[in-house]
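Structural overview for review
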Amino acid sequence: MTFQPTSQLRARFAASLSTMYGREVPAYTTLVDVANEINSGLGGDSRVTAERHGAIRVGTPRELRQVGQIFAGFGMYPVGFYDLRETGSTPVPVVSTAFRPVDEIELELNPFRVFTSMLTVDDDRFFSADLRRRLTTFLSGRALFSDELLTLASRAAEDNGLAEADADRFVELATAAFQLSSEPTDRAWYSELAEISAVAADIGGVTRTHINHLTPRVLDIDELYRRLQARGLHMIDKIQGPPRWNGPDVLLRQTSFRALDEARLFVEPDGTVAPGTTRVRFGEVEQRGIALTPLGRQRYDDLMAATDAAASTGLSWQDAGRSVWEASTFPLDHDGLRRAGLAYFTYRVIAARGARPLSSDADLDALITAGVVEAVPIIYEDFLPRSAAGIFQSNLTGDGAMDGERRGAHYDIGWLADTLGYTVHMPEQLYAAQRIRSLHACCAELNIDPARQSPDNLILEAQ
Ligand code: OOG
Ligand code: NI
């Protein structure tokens, strides 16, 4: 029987969720078709065509830990900690991480990632003691994942894959765990939670969890936005993240179309079961650019703040962003980003053997200029807290309720690591490590001393 390695399990899982989500939310299929049209016109490779991120939401640390166990079976590990309670203009009562492959070879094989949020039940600003008690009872009474699924996941994680029959079962059970439930929802309970936040109701008002959206990657998001609008899809009013401008794509640009009404059964207060609708799922698409160093990220955040100020004078977000970015000193090409230490690259030797330097203190920058070494941009594989909050918000009905006078519960990356039982990597550490590995490999191949590199390189190395 053939053994299926983790990367294959992950690719199958992403594809199987995609098929299911296309059946559940037909507009998703339109989105994927249009994204494929654009990508194939722009020479997208097989990684980009298959590339998706998903989003799920759970209610308790125990559920979060189990989700982590399932994703580990697919070679996906927690990266980043996002606290969305105060990130956007409307508070969202969740903290989040992203499960994704961390290794560049695994990313290349299949980069599937899932943005995963947990309801902050312990936060007094959202939940009173009485509601918290009832919510905790409700959540501890449900089982989102079967023992069979969790056991297969642990085996897959331990053995770095599964034999074919087990692999089939693992993918089938994992996909089904994120299917929209047909079980009737208690109307009164759902509504009580919805008063606080639509997200609280979506997570804690039902007995199951579900995939909330599945996002393809597109190489030209502005073109996609136009084409979807032309097809009559109701898009949110902006593309989140940096604007389209005359410099390089950085980080992540995302947009979405509005949540759609989906039929669901409700148990009414009088005990009868009646059809109703919920509006919790939506379509999203993203374009990815180069990963920024902490220095670059600081510049990015400053430009975003300046864009807010410019947009408040009545310009559209895109027009405000473009004028702010184009008036700034943010570098206009990858080379400029690299020289200023604002973005991450890997390095590889491209010159033939005879054309290589003989001196052991050759400068990397000079080697790049001389065409001996090539700097390849590292694509940003993660998320942006502000865009994530924006995506949540644009799909919430109502502002929800938060009592700012009460104290918020404390959650941080250490809490997350303890809860999951895994190290939580920070995105920038992964990019920096990847950069240094490639730099050292290059130096070894050229027989030059990595310690004798130019100050720019050392600045980057220290980050
Ligand atoms: C997650 C929203 C965040 C993104 O792409 O930033 C997100 C959710 O709605 O559960 O998916
Ligand atoms: Ni998303």
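For the protein, the name recorded in an unreviewed UniProt entry is 2-oxoadipate dioxygenase/decarboxylase, with Mycolicibacterium frederiksbergense as its organism. Recorded under Sequence similarities (unreviewed entry), the UniProt text for the protein is reproduced unchanged: "Belongs to the 2-oxoadipate dioxygenase/decarboxylase family." The UniProt entry for the protein carries this comment under Cofactor (unreviewed entry): "Fe(2+)".

Points about the overall build of the protein
Each helix and strand counted, the protein has 19 helices and twelve strands in total. Computed over C-alpha atoms, the radius of gyration of the protein comes to 23 Å, within 12% of the 23 Å expected from 2.2 N^0.38 for 463 residues, which places it in the range of a compact globule. Look at the contacts in the protein between residues 6 or more apart in sequence, and 76% of them connect residues 24 or more apart. Positive and negative charge centroids in the protein, built from 46 and 63 side chains respectively, lie 1 Å apart.

Observations concerning the packing of helix 1 (residues 6-24) against helix 2 (residues 26-41)
Where helix 1 meets helix 2, the closest approach of the two axes is 5 Å, and the angle between their N-to-C directions is 120 degrees. As far as their axial angle goes, helix 2 and helix 1 are oblique. Of the residues in helix 2, those touching helix 1 at S18, Y21, G22, R23 and E24 are P26, Y28 and T29. For the contact of helix 1 with helix 2, the residue count by class is three nonpolar, three polar and two charged.

Regarding the coordination of the nickel ion (ligand 2)
Every protein donor of the nickel ion (ligand 2) is accounted for by H53 (NE2), H213 (NE2) and E284 (OE), and the metal-donor separations fall at 2.1 Å. All donors of the nickel ion (ligand 2) belong to a single chain; written as a sequence motif, their spacing is H-x159-H-x70-E. One end of the pair, H213, is in strand 8 (residues 213-216); the other, E284, is in strand 10 (residues 273-288), and 71 residues separate them in sequence. A relative accessible area of 6% places H213 in the buried class.

Brief notes about the site of ligand 1
H53, A55, R57, F115, N212, H213, Q254, E284, F383, A388, I391 and F392 make up every residue found near ligand 1. The separation between an oxygen atom of ligand 1 and a polar side-chain atom of H53 is 3.0 Å. Between ligand 1 and the protein, one listed contact pairs an oxygen atom with a side-chain N or O atom of R57 at 2.7 Å. Bound to the protein, ligand 1 loses 100% of the 310 Å² it would expose on its own. Broken down by secondary-structure element, the contributors of at least two residues to the shell around ligand 1 are strand 2 (52-58) and helix 16 (385-394). Of the residues in the shell around ligand 1, the class split is six nonpolar, four polar and two charged.

Side note on empty space enclosed by the protein
Counting across every chain of the model gives four cavities of 30 Å³ or more. Around the largest cavity, the lining is made up of 15 residues, and of these A55, F115, H213, I391 and F392 lie nearest the centre. Mapped onto the lining of the largest cavity, the elements with two or more residues apiece are strand 2, strand 5 (113-119), strand 10 and helix 16. For the lining of the largest cavity, the leading source of residues is strand 2, giving four residues. A class-by-class count of the residues in the lining of the largest cavity yields eight nonpolar, five polar and two charged.

Quick notes on the sheet that holds strand 7 (residues 185-186)
The strand order across the open sheet formed by three strands is 7-9-10, and the pairing between neighbours is mixed. Every interior strand has two partners, whereas the edge strands, strand 7 and strand 10, have only one. Pairing of strand 7 with strand 9 (residues 252-267) involves two bridges; the strand directions are parallel. Residue pairing across strands places T185 opposite F266, the latter belonging to strand 9. Against the sheet, helix 11 (residues 221-230) makes contact with strand 9 and strand 10, and its axis sits at roughly 40 degrees relative to strand 9, the strand it touches most. Docked against the sheet, helix 16 engages strand 9 and strand 10, running at close to 35 degrees with respect to strand 9.

Considering helix 13 (residues 317-327)
Buried within helix 13 we find W317, A320, G321, V324 and W325. The arc enclosing the buried residues of helix 13, seen along the axis, measures out at 120 degrees, which places them on a common side. Where helix 13 is buried, its residues contact helix 12 (294-311) and helix 16.

Thoughts on unusual backbone geometry
Residue N160 is not a glycine yet carries a positive backbone phi of 55 degrees. Along the chain, N160 falls in the loop between helix 7 (147-159) and strand 6 (161-163). One non-glycine residue, L251, lies in the positive phi region at around 50 degrees.

A word on the nonpolar core
Counting residues in hydrophobic clusters, the biggest one holds 44 residues, and the most contacted among them are F71, F74, F145, F170 and F178. If you look at the next biggest cluster of nonpolar residues, it comprises 40 residues, including A310, F330, F345 and V349.

Some points on the pattern of salt bridges
Inspection of the entire model under this criterion finds 43 salt bridges. When the shortest N-O distance is used, the salt bridge between R169 and E172 registers 3.2 Å. Remark: E172 and R169 occur in helix 8 (residues 164-177); sequence separation between them is three residues, near one turn of the helix. What makes R169 partly exposed here is its relative accessible area of 31%. Judged by relative accessible area, which is 46%, E172 ranks as partly exposed. For the salt bridge of R187 with E268, the shortest nitrogen-to-oxygen distance reads 2.9 Å. Remark: E268 occurs in the loop between strand 9 and strand 10 and R187 occurs in helix 9 (residues 187-196); sequence separation between them is 81 residues.

Comments concerning the sheet that holds strand 2
Spatially, five strands are ordered 3-4-5-2-8 in an open sheet, and the strand pairing comes out mixed. Lying at the two open borders of the sheet, with one neighbouring strand each, are strand 3 (77-83) and strand 8. Looking at each pair of strands side by side, their axes are set apart by 20 degrees on average, direction ignored. Pairing of strand 2 with strand 5 involves six bridges; the strand directions are parallel.

About the criteria used
- Residues numbered from 1 in each chain as written.
- Chains lettered and ligands numbered in written order.
- Predicted model: local features only at pLDDT ≥ 70, side-chain atom pairs only at ≥ 80, totals over all residues.
- Heavy atoms only, no water.
- UniProt positions renumbered as here; feature names shortened; annotations may be inferred.
- Helix = DSSP H or I, 4+ residues; strand = E, 2+ residues; numbered from the N terminus.
- Rg over C-alpha atoms; globule rule 2.2 N^0.38 Å.
- Contact = heavy atoms within 4.5 Å.
- Lys, Arg positive; Asp, Glu negative; His and termini not counted.
- Charge placed at Lys NZ, Arg CZ, Asp CG, Glu CD.
- Axes fitted to C-alpha atoms, helices over the stretch in contact; angles between N-to-C directions.
- Parallel < 35°, antiparallel > 145°, perpendicular 65-115°, else oblique.
- Nonpolar A, V, L, I, M, F, W, Y, C, P; charged D, E, K, R; others polar.
- Donors = N, O, S within 2.8 Å, 3.2 Å for Na, K, Ca; no water.
- Buried < 20%, exposed > 50% of the residue type's maximum accessible area, 1.4 Å probe, protein only.
- Near = heavy atom within 4 Å.
- Polar contact = N/O pair within 3.5 Å; in protein donor to acceptor, adjacent residues only side chain to side chain.
- Areas by Shrake-Rupley, 256 points an atom, 1.4 Å probe, with all protein chains shown as cover.
- 1 Å grid on protein atoms, 1.4 Å probe; cavity = no way out; pocket = protein on both sides within 12 Å on 5 of 7 lines; lining within 4 Å.
- Points joined across faces, edges and corners; volume = space filled by probe spheres on them.
- Pairing = 2+ DSSP bridges.
- Arc of directions from axis to C-beta.
- Core = buried A, V, L, I, M, F, W, Y, C linked by side-chain atoms within 4.5 Å.
- Salt bridge = Lys/Arg side-chain N within 4 Å of Asp/Glu carboxyl O.

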